[in-house]
Amino acid sequence: MTENNYNEIMKLLCDRLEGVSNSNVQITSETNIISQLSIDSIKLLNLIMEIEDTFDISIPINALTDVQTVRELADLVYKIKSAS
Amino acid sequence: MNLLEKLDASAAARKALLPDGVGAFGIPIEEVYSATEARIGDRRVLLLGTNNYLGLTFAPECIRAAHEAIDKEGTGTTGSRMANGSYFGHRSLEREFADFYQCDSAIVFTTGYQANLGTISGLVGPGDTVLIDGDSHASIYDGCVLSGADIIRFKHNDTIDMEKRLRRLGDRVETTLIIAEGIYSMLGDQAPLADIVKLKNAYGCILLLDEAHSLGVLGETGQGLVETTGLLKEVDFITGTFSKSLCSIGGYCVSNHPQLEQLRYVSHPYIFTASPSPATIASTRAALELLRKGSHLRKQLWQNCTQLYTQLKEVGYLLGPHPGPVIAAIVDTPRQALLLWQNLLEHNIYVNLILPPAAPEGKSLVRCSVNAAHTTEQIKYVGDTFCKLRSLVC
Ligand SMILES: Cc1ncc(COP(=O)(O)O)c(C=O)c1O
């Protein structure tokens, strides 16, 4: 995994989050996924399934307890993808 | 935001969904007249939103057994199963459950919620994996969280999706617990158990099936989905509740694996709570006997389910894929659902209102639960009223 891969993950997350968000907030790496994007828990969990499929990885939903921002989600996906 | 302000924020979100004065959740029931009727405010309403599937809440056998148990053993056990709370009745009920499922062991828990918490957290721990249906009940999610295992969801009732996720787990399948439900409480649909069993055998996992809504409802003797599919011996652990077809409160887990007994020593939701009261155990034992002999109740229940499901389908309501005791009208917006729910109540019919995110796919549900005690006329009245109100949700 390279920096390019990380940027690719970040871009994909921003695009997908924009698709499911109900708010007009401009999404950046520091955006808080739940509080700023008004994404409910189930939508987030369904998004995680999609990301698992895109990168062919398993993302345990309990790992999300440490995730608040888009950057933290990207870090998690990057870490799992790198280890796989 | 401080702790109390966070609660204020969630209260504001709830109020935005439900205008002031609409008490759709936790509605006060003033008096209960029978398995099918109660008073809400000054209305005598038809109860179409209970889990009383076999209609046994007032069964004389159960009431008599509960009275006798209170007289003989008092109102509560005042202790854990682990300490002073394992009476003759608790142990007998466990033997009766084991016999009912023709298996070696059964454990009685204080609620069905705790049966899932206790079983899941007893079976898996940190480093293990649980693979659960995306529409799983909160008690399954909470049990998984309590366990510390890695939680992976598969798409609801989709075994192709499930296999994809199993494959990704690689060697970890060896320590993976798969969890599904006999009947799902939101849409009343059933798990594709035969395909799930094939996968669990192919990948060498352990399977837990929650029969909370299917106990007493499916199968000749009421065992649940394991009976209609003939797959009883293929499911490793079955959990369920006394709070629906058995009309009391409590939960169970049964299994042929001798290791089930070990849960009594490791499972906090079993150990650190008081055992069910003697009256609860006594009425549950009487209800289990009625359930086992209750093919006539199941026949009546299914007649009622089919009648209502067919009528709602015919007038164009979007429903879950399988007819059954849980019949949910799926509507697009919370506003429409609330309007339909309120109008049904004005016609003296109580059903359940389910709003996002509790309802699947961002939809809202107006959910009926049918029971064996409903008369054909009552079901017809409910069906006709839904027809009359159809335009509210078009
Ligand atoms: C699928 C499922 N499992 C478990 C439970 C918990 O049962 P209890 O009411 O006994 O806590 C419920 C009840 O809501 C349920 O629907």
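Conventions adopted
- Residues numbered from 1 in each chain as written.
- Chains lettered and ligands numbered in written order.
- Predicted model: local features only at pLDDT ≥ 70, side-chain atom pairs only at ≥ 80, totals over all residues.
- Heavy atoms only, no water.
- 1 Å grid on protein atoms, 1.4 Å probe; cavity = no way out; pocket = protein on both sides within 12 Å on 5 of 7 lines; lining within 4 Å.
- Points joined across faces, edges and corners; volume = space filled by probe spheres on them.
- Helix = DSSP H or I, 4+ residues; strand = E, 2+ residues; numbered from the N terminus.
- Nonpolar A, V, L, I, M, F, W, Y, C, P; charged D, E, K, R; others polar.
- Pairing = 2+ DSSP bridges.
- Axes fitted to C-alpha atoms, helices over the stretch in contact; angles between N-to-C directions.
- Domains from an automatic or database assignment.
- Contact = heavy atoms within 4.5 Å.
- Buried area = accessible area lost by both parts, 1.4 Å probe.
- Salt bridge = Lys/Arg side-chain N within 4 Å of Asp/Glu carboxyl O.
- Polar contact = N/O pair within 3.5 Å; in protein donor to acceptor, adjacent residues only side chain to side chain.
- Disulfide = S-S within 2.5 Å.
- Buried < 20%, exposed > 50% of the residue type's maximum accessible area, 1.4 Å probe, protein only.

Asker: Describe the layout of surface pockets, listing the residues and the values that go with them.
Answerer: Here the second largest pocket defines a volume of roughly 910 Å³. Lining the second largest pocket are 27 residues, with S38, I39 and D40 of chain A together with A13 and P357 of chain B positioned closest to its centre. When contributions to the lining of the second largest pocket are tallied by element, the ones reaching two or more residues are α2 (33-37) and α3 (41-55) of chain A together with α1 (3-17) of chain B. Among the elements that make up the lining of the second largest pocket, the one with the highest residue count is α1 of chain B (6 residues). Here the residues of the lining of the second largest pocket sort into 15 nonpolar, 6 polar and 6 charged.

Asker: Before we move on, can you summarise the sheet that holds strand β6 (residues 150-154) of chain B with the specific residues and values?
Answerer: Sheets are built from strands paired through backbone hydrogen bonds, the pairs being either parallel or antiparallel. All names here are of chain B. Taken together, the 7 strands give an open sheet; going across it, the order is β4-β10-β9-β8-β7-β5-β6, and neighbouring strands pair in mixed fashion. If you trace the sheet from one side to the other, it starts and ends with β4 (105-109) and β6, each paired once. Neighbour-to-neighbour, the strand axes of this sheet turn through a mean angle of 20 degrees, independent of strand direction. Here 5 bridges tie strand β9 (residues 237-241) to strand β10 (residues 251-255), and the two strands are oriented antiparallel to one another. The partner of F237 across the bridge, within β10, is S255.

Asker: Mind laying out the domain arrangement of chain B, listing which residues take part and the relevant values?
Answerer: Residue and element names in this part refer to chain B. Per the domain assignment, the segments making up chain B are domain 1 (3-54 + 295-393) and domain 2 (61-292). Computed from C-alpha coordinates alone, the two centres of domain 1 and domain 2 are separated by 26 Å. At the interface, 21 residues of domain 1 touch 22 residues of domain 2. Of the roughly 1800 Å² buried between domain 1 and domain 2, counting both surfaces, carbon and sulfur atoms make up 60%. For the pair domain 1 and domain 2, the number of links is 0 salt bridges. The tally of links from domain 1 across to domain 2 stands at 8 residue pairs in polar contact (both at pLDDT 80 or more). The set of elements that each furnish at least two residues to the side of domain 1 that touches domain 2 consists of α12 (295-314), β11 (326-331) and β14 (364-369).

Asker: Any details on the state of the cysteines? Residues and values, ideally.
Answerer: Residue and element names in this part refer to chain B. Overall, the coordinates contain 0 disulfides over all chains when judged by the stated rule. The cysteine C305 is free of any disulfide, with C368 supplying the nearest cysteine sulfur at 11 Å. In this structure C387 is not part of a disulfide, and its nearest cysteine sulfur, from C394, lies 12 Å away. Judged by relative accessible area, which is 27%, C387 ranks as partly exposed.

Asker: Describe the pairing of β9 of chain B, with residues and values.
Answerer: Put simply, side chains in a regular strand alternate between the two faces of the sheet. All names here are of chain B. Among the 5 residues that make up β9, 5 are buried, leaving the element largely enclosed by the rest of the structure. Burial along β9 is two-sided: the residues F237, T239 and T241 and I238 and G240 are all buried. Pairing between strand β8 (residues 206-210) and β9: 3 bridges, direction parallel. Bridging across to β9, L208 finds its partner in F237.

Asker: Mind laying out the interface of chain A and chain B, listing which residues take part and the relevant values?
Answerer: Contacts between chain A and chain B engage 14 residues on the former and 16 residues on the latter. Buried surface at the junction of chain A and chain B, both sides included, amounts to about 1300 Å², of which 50% is carbon and sulfur. The tally of links between chain A and chain B comes to 5 salt bridges. With its nearest N and O atoms 2.8 Å apart, the salt bridge here joins R168 of chain B to D56 of chain A. There are 11 residue pairs in polar contact (both at pLDDT 80 or more) connecting chain A and chain B.

Asker: Outline the pattern of salt bridges, listing residues and values.
Answerer: Two side chains with opposite charge may pair up if their charged atoms get near one another. Applying the stated rule across the entire model yields 22 salt bridges over all chains. E30 of chain A is paired through a salt bridge with R71 of chain A; the nearest N and O atoms lie 2.6 Å apart. Residue E30 of chain A is found in the loop between α1 (3-20) and α2, and its partner R71 of chain A is found in helix α4 (residues 70-83); the two are separated by 41 residues along the sequence. Classification of E30 of chain A as partly exposed rests on a relative accessible area of 44%. Note that K363 of chain B is salt-bridged to D332 of chain B, the shortest N-O span being 2.9 Å. Placement of the pair is K363 of chain B in the loop between β13 (352-354) and β14 and D332 of chain B in the loop between β11 and α13 (334-346), with a sequence separation of 31 residues. Taking the relative accessible area as the measure of exposure, K363 of chain B reaches 28% and is therefore partly exposed. Each of E52, D53 and D56 of chain A together with D161, K164, R165 and R168 of chain B takes part in one network of salt bridges that share partners.

Asker: Give a description of the pairing of strand β2 (residues 37-40) of chain B that names residues and reports values.
Answerer: Residues and elements named next belong to chain B. Burial along β2 is one-sided: the residues A38 and I40 are buried and none of E37 and R39 is. Here strand β1 (residues 31-32) pairs with β2 via 2 bridges, running antiparallel. Residue V32 lies in a different strand from β2, and its bridge partner there is A38. Hairpin connection of β1 to β2: 4 residues between the antiparallel strands. Pairing of β2 with strand β3 (residues 43-47) involves 4 bridges; the strand directions are antiparallel.

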